[in-house]
Protein chains: 2
Amino acid sequence: MAFAEPSDRKGPSILGVDPWVSDTRKTGKKRELLSEAERSRLAVIASIVRFKKGEDIYRAGDRADAIFNIISGVAKSYSGKGGDRIVAFLFPNDLFGLSEEGRYTNAARALTPVTAYRLPVSVLRSRLSRDALLEYHVICKLCEELRQSQRHAFLLGERRADVRLATFLQMLEQLQVAKGDTAGEIYVPMDRSDIGEYVGLSLAAVSRTFGSLVRHNVIKFRDRRWLKITDRAAFDRILADGAGRRTVRRGRNP
Amino acid sequence: MAFAEPSDRKGPSILGVDPWVSDTRKTGKKRELLSEAERSRLAVIASIVRFKKGEDIYRAGDRADAIFNIISGVAKSYSGKGGDRIVAFLFPNDLFGLSEEGRYTNAARALTPVTAYRLPVSVLRSRLSRDALLEYHVICKLCEELRQSQRHAFLLGERRADVRLATFLQMLEQLQVAKGDTAGEIYVPMDRSDIGEYVGLSLAAVSRTFGSLVRHNVIKFRDRRWLKITDRAAFDRILADGAGRRTVRRGRNP
DNA sequence: CCAGTAGTTTGATCCGGATCAAACTTTGGC
DNA sequence: GCCAAAGTTTGATCCGGATCAAACTACTGG
């Protein structure tokens, strides 16, 4: 739902086809869910809504009469009875608010002040059925979010805390690179506890593991939200270590 | 990608809209990705392929020139350098083989003998652009798979082995209920090691935890692949325990 | 600028599941 | 039906991260 794919990706695609790939290459524009034209076409039927930091965008179980497209700010989509368990972080241009049975399945809350388009489902729906290109782009976006979610699951499948966090940082970095933001430094808009809820670690473990990475000179925090990777090789080694190690040997074979 | 949603769901939906909801209610037919008509329309452009148990359907990085729709059997989609880490189990009617940059990102392998439709991308693509209903159904299917993947991530976010396995069994059960298969007993087509790779536990932990559940009379195995839930209340208690517990308290607040 | 609170670090202890290892059981081929 | 290989159970040990708890730091609003 949120993070960009590795930097060697050119855009979301389904069935190996993607109009943006060539678009992006030709125009050199940043990858976007909706083109400017499309965005303004949608703007006609959309209203702009604002949420304060910490404010609920919607709650699980609410009547799902609109979907959202973030213009600026960061939000989280979360679920679980306890309200913990972050399903996705939502960044500008992310589309969210998919429903099931007409109700939102997750809740969403602004982590920073958020501005977003609010698209009433009824209007968007009729648009969709008439606008093949838009529909196609929705497919692309869904593929992207599916991959994102699979990445998240992949991250959670890793057992070691450092690998989980390194993977998370990599996701953040790639997102920012894809958007053309300041490379070199990584911006971490969410707090330690949110990170923990996303990567499946306790708040304490997140802090401790960051501390350990800093102590080993792999990363360096400028302040609580900005860091840079000071030892790329070591960083990549941590990431690589995650895969290819778990030797699940079965039965007796010497 | 694979499991069905909870039984109170009527079908996949995007934006709160789903043509199958009414269809299903009217006809009482089982929920399907493709209607019979659609399936046969696709069959024209599809070839039927068979895979032996353990055979690769495709490998990560292979040229992605086709997608698949399982007719019978069970497969797994997996990734990770080590080839461990199962992303999804694939059951009949599941659509898989989405690509990125024209290459498969995951690998897929048959767990049982598998029969499947193989749909060449090129043909399907032109179909898609002309067939609005098909395109719409692809959207629905993608939403379903997205939710599935989010469920998987949710499962992996849980730390306790018994909750993970109970959740997994619940997914299997719901899938089988949705397909109208034998309720009462749950069929587990994959081996312990595959389960471990999906739920993020070691092979040993899977076996031990199953053992413990059996010892507590929560479930009972008829044989290695068939089990039933003998104490529903206890089972549900395990599931419920997963949520609402993780008290991530921050700072000092007495 | 200060107080109060939200957020973060750090310490100590404990436990669940990984890991290593060996026996046991089922399956499939001949 | 027998053997080998595949798959499963079970035991012992160990370690990473959860959990409990307290101190520290950075914001925020008055």
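Scroll up for the structure.
Residues numbered from 1 in each chain as written. Chains lettered and ligands numbered in written order. Predicted model: local features only at pLDDT ≥ 70, side-chain atom pairs only at ≥ 80, totals over all residues. Heavy atoms only, no water.

So, on to the overall build of chain A. Across its full length, chain A holds eight helices and 13 strands. Within chain A, the proportion of its 254 residues that are buried is 56%. Taking the intrachain contacts of chain A between residues at least 6 apart in sequence as the baseline, contacts between residues at least 24 apart amount to 73%. On chain A, roughly 11,200 Å² of surface is accessible, and the fraction owed to carbon and sulfur atoms is 51%. (Helix = DSSP H or I, 4+ residues; strand = E, 2+ residues; numbered from the N terminus. Buried < 20%, exposed > 50% of the residue type's maximum accessible area, 1.4 Å probe, protein only. Contact = heavy atoms within 4.5 Å. Areas by Shrake-Rupley, 256 points an atom, 1.4 Å probe, with all protein chains shown as cover.)

Another aspect to go through is the packing of aromatic side chains. Here the structure, examined in full by the defined rule, presents 20 aromatic pairs over all chains. Ring centres 5.0 Å apart and planes at 40 degrees place the aromatic pair Phe 89 of chain A and Tyr 198 of chain A in the tilted group. Of this pair, Phe 89 of chain A sits in strand β5 (residues 86-90) while Tyr 198 of chain A sits in helix α6 (residues 192-199); the two residues are 109 residues apart in sequence, bridging distant segments of the chain. Residue classification places Phe 89 of chain A among the buried residues on the basis of a relative accessible area of 0%. Owing to a relative accessible area of 2%, Tyr 198 of chain A belongs among the buried residues under this scheme. Taking the centre distance of 4.8 Å and the plane angle of 35 degrees together, the rings of Tyr 187 of chain A and Trp 226 of chain A count as tilted. A residue pair is termed long-range when its members are at least 10 positions apart, and Tyr 187 of chain A in strand β11 (residues 185-187) and Trp 226 of chain A in strand β13 (residues 226-229) qualify at 39 residues. A relative accessible area of 23% places Trp 226 of chain A in the partly exposed class. In this structure an aromatic cluster arises from ring pairing among Phe 51, Tyr 58, Phe 68, Phe 96 and Tyr 104 of chain A. Of note, Arg 85 of chain A hangs over the ring of Phe 154 of chain B, and the distance from its end group to the ring centre comes to 4.0 Å. (Phe/Tyr/Trp six-rings, centres within 6.5 Å; stacked < 30°, edge-to-face > 60°. Lys NZ or Arg CZ within 6 Å of the ring centre and 35° of its normal.)

Attention shifts here to the sheet that holds strand β13 (residues 226-229) of chain B. All names here are of chain B. On the basis of which strands lie adjacent, the open sheet formed by three strands has the order β11-β13-β12 and antiparallel pairing. Each edge of the sheet is formed by a strand with only one pairing partner; in this case those strands are β11 (185-187) and β12 (219-221). For this sheet, the mean angle separating the axes of adjacent strands, direction not counted, is 30 degrees. Alignment of β12 against β13, held across three bridges, turns out to be antiparallel. From the neighbouring strand, Phe 221 faces β13, where its bridge partner is Leu 227. In the packing of helix α5 (residues 161-178) onto the sheet, the strands contacted are β11, β12 and β13, and the crossing angle to β11 comes to about 100 degrees. (Pairing = 2+ DSSP bridges. Axes fitted to C-alpha atoms, helices over the stretch in contact; angles between N-to-C directions.)

Turning to the sheet that holds β5 of chain A, a few remarks are in order. For sheets, the rule is that strands pair by backbone hydrogen bonds, running either parallel or antiparallel. Residues and elements named next belong to chain A. Pairing is antiparallel across the open sheet formed by four strands, whose spatial order is β2-β9-β4-β5. Each edge of the sheet is formed by a strand with only one pairing partner; in this case those strands are β2 (56-58) and β5. With direction set aside, neighbouring strand axes in the sheet form an average angle of 25 degrees. With two bridges joining them, β2 and strand β9 (residues 107-110) adopt antiparallel strand pairing. Across the sheet, Tyr 58 pairs through a bridge with Ala 108, a residue of β9.

Let's shift gears to the pairing of strand β5 (residues 86-90) of chain B. Residue and element names in this part refer to chain B. Burial analysis of β5 places five of its five residues in the buried class, which makes it a mostly covered element. Pairing of strand β4 (residues 75-78) with β5, which is carried by four bridges, proceeds in the antiparallel orientation. Following the sheet pairing, Tyr 78 is matched in β5 by Ile 86.

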